[in-house]
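Here is what each chain is made of, one letter per residue.
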Amino acid sequence: MNYSVGLIGLGKIGALYDINNQNIMSHLKAIIRDDRFDLGFAYDPNVENCDFIKMHYNISNVYNDLQSLKLINPKIDLLVVASPTECHFDSILSLLTFVNPKVILCEKPLTESLIDAQNIMHLC
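Note that the structure is a prediction, hence the values are computed from the model and not measured.

**Student:** In this structure, what is going on with the nonpolar core? I would like to understand it.
**Tutor:** One recurring pattern in soluble globular proteins: nonpolar side chains tend to sit buried together. Leu7, Leu10, Leu28, Leu39, Ile53 and Val62 are the most contacted members of the largest nonpolar core, which totals 17 residues. Looking at this core, the elements that each hand over two or more residues are strand 1 (3-8), helix 2 (27-33), strand 2 (37-43), helix 3 (47-57) and strand 4 (78-81). It is helix 3 that contributes the most residues to this core, 3 residues altogether. Formed by 14 residues, the second largest nonpolar core is a distinct cluster that contains Phe41, Leu69, Val81 and Ile120.

Below, the structure written as structure tokens:
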């Protein structure tokens, strides 16, 4: 069984730590290299990061705006949140309006405030 994965964040831990070597140190490379996972989508608001990742990995399902991502209506099992901590709450809140993952894996810390963390817990 394969699991469909949505990835938020194509910065260092999301995609760039291991871009120029054979190591697997980022979420994107781990997803791409493991046959148990299919990349449903990757999202980052940074256009340059998205274009670079599309070219480097020869993948097309990379988005830099949520409206385009929402239009494809992705069905994912796992949502990986690898954006900066201050973006975690808004990222999760935005994505949960149109995706319904079974599991959310969020880089630590979950949020910058206990209230935001509790709100995420209630959303889930």
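Back to the text.
**Student:** What exactly am I supposed to notice about the packing of aromatic side chains here?
**Tutor:** What describes a pair of aromatic rings is the distance from one ring centre to the other and the angle between the planes of the rings. In the structure shown here, the tally under the stated rule is 1 aromatic pair. Both rings, one in Tyr3 and one in Phe37, keep their centres 6.3 Å apart while their planes meet at 45°; by these two values the pair is tilted. Placement of Tyr3 in strand 1 and of Phe37 in strand 2 is noted, with a sequence separation of 34 residues between them. Taking relative accessible area as the criterion, Tyr3 reaches 38% and is therefore assigned partly exposed. Take Phe37: its relative accessible area is 24%, and that puts it in the partly exposed class.

**Student:** I tried to follow the packing of helix 5 (residues 85-95) against helix 6 (residues 114-123) on my own but got confused; where do I start?
**Tutor:** Two elements in contact, helix 5 and helix 6, have axes whose closest approach is 10 Å; the angle formed by their N-to-C orientations is 20°. One way to sum up the angle between helix 5 and helix 6 is to call them roughly parallel. The hand of the helix 5/helix 6 crossing is left-handed. Across the interface between the two elements, Phe89, Ile92 and Leu93 from helix 5 touch Asp116, Asn119, Ile120 and Leu123 from helix 6. Counted by class, the contact of helix 5 with helix 6 contains 5 nonpolar, 1 polar and 1 charged residues.

Parameters at a glance
Residues numbered from 1 in each chain as written. Predicted model: local features only at pLDDT ≥ 70, side-chain atom pairs only at ≥ 80, totals over all residues. Heavy atoms only, no water. Core = buried A, V, L, I, M, F, W, Y, C linked by side-chain atoms within 4.5 Å. Buried < 20%, exposed > 50% of the residue type's maximum accessible area, 1.4 Å probe, protein only. Helix = DSSP H or I, 4+ residues; strand = E, 2+ residues; numbered from the N terminus. Phe/Tyr/Trp six-rings, centres within 6.5 Å; stacked < 30°, edge-to-face > 60°. Axes fitted to C-alpha atoms, helices over the stretch in contact; angles between N-to-C directions. Parallel < 35°, antiparallel > 145°, perpendicular 65-115°, else oblique. Left-handed = near helix turned anticlockwise from the far one by under 90°. Contact = heavy atoms within 4.5 Å. Nonpolar A, V, L, I, M, F, W, Y, C, P; charged D, E, K, R; others polar.

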